[in-house]
Amino acid sequence: MDIASFARISAMLAIGLSCTGASKADEALDAEVKRVRQALAKYEDPYVAVRDLYLSTVGCVHYDGTKMEGHMDYPKGAMGIHFVNITLQGPPDPLKPNVLIYEPQGDKLKLVAAEWLVPLAATKERPSIFGQAFQGPMEGHEPLIPQGFHHYDLHVWLFKDNPLGMFSPTNPDVSCDDAQFSLMEMPTKLVPGP
């Protein structure tokens, strides 16, 4: 076998091995996401969420895609209505998000995503789950979360596909058109981290 053939075979083998590693990581993520979806499926009924202390912030949050220096980048789209459980604290637990996010559809609410919040004061490093680093740190999202609540967060679109990706903070396919209280927010200001 000549050197060129050996180099081609070696390159193909290296590509195959790297694809196998990526495939196993993808399979592990898919399995974890499936497990979390199953655990949170009961919250498709927002009354169950309220009984478990997830309380509605009422406003349906959306963004127009404005970019501002020193602020979070929120692509044009919506998040939805946040139901926050302030009793869930500590390191992020994939099975216990602090926030459930609903999209108003007529007179119903449809569970579309979950969000994990970690106060900046409670961590010495950027948290991560699902192999994803949290975004931030940032100020609170006025008027729903006090400006002084500096935190990291991660949105995960578990119940509605997002063309921007599962971990994007906004989803262009989510609408606040049916919301009683539509809340166009400006990008949240970033703050220094640890």
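Criteria and cut-off values
- Residues numbered from 1 in each chain as written.
- Predicted model: local features only at pLDDT ≥ 70, side-chain atom pairs only at ≥ 80, totals over all residues.
- Heavy atoms only, no water.
- Helix = DSSP H or I, 4+ residues; strand = E, 2+ residues; numbered from the N terminus.
- Contact = heavy atoms within 4.5 Å.
- Areas by Shrake-Rupley, 256 points an atom, 1.4 Å probe, with all protein chains shown as cover.
- Core = buried A, V, L, I, M, F, W, Y, C linked by side-chain atoms within 4.5 Å.
- Buried < 20%, exposed > 50% of the residue type's maximum accessible area, 1.4 Å probe, protein only.

1. Let's talk about the overall build of the chain
The secondary structure content of the chain amounts to two helices and nine strands. Walking the chain from its N terminus toward its C terminus, one meets helices and strands in the order α-α-β-β-β-β-β-β-β-β-β. Contacts in the chain between residues far apart in sequence, at least 24 positions, make up 62% of those at least 6 positions apart. Summed over all atoms, the accessible surface of the chain reaches about 10,800 Å², with 58% contributed by carbon and sulfur.

2. Comments concerning unusual backbone geometry
For the bond from Gly136 to Pro137, the omega torsion is 5 degrees, close enough to zero to count as cis. Considering the arrangement of structural elements, one finds Pro137 in strand β7 (residues 135-138). Going from Glu142 to Pro143, the amide bond is cis rather than trans, its omega being 5 degrees. Despite not being glycine, Val58 has its phi angle at roughly 75 degrees, a positive value. By secondary structure assignment, the location of Val58 is in strand β1 (residues 55-63). In this structure, Phe130 is a non-glycine residue whose phi angle is positive, near 55 degrees. If you trace the backbone, Phe130 turns up in the loop between β5 (128-129) and β6 (132-133).

3. Here's the deal with the nonpolar core
Judged by nonpolar contacts, the single largest core of 38 residues is most densely connected at Tyr43, Leu100, Trp116, Phe130 and Leu158. Only α1 (3-40), α2 (46-51), β2 (77-84), β3 (99-105), β4 (108-119) and β8 (151-156) provide two or more residues apiece to this core. Top contributing element to this core by residue count: β4, with seven residues. The residues touching Tyr43, leaving out its near neighbours within four places in the chain, are Val48, Ala49, Asp52, Tyr54, Leu100, Tyr102 and Leu111. Ranked by size, the runner-up nonpolar core spans six residues in total, among them Val61, Tyr63, Tyr74 and Met138.

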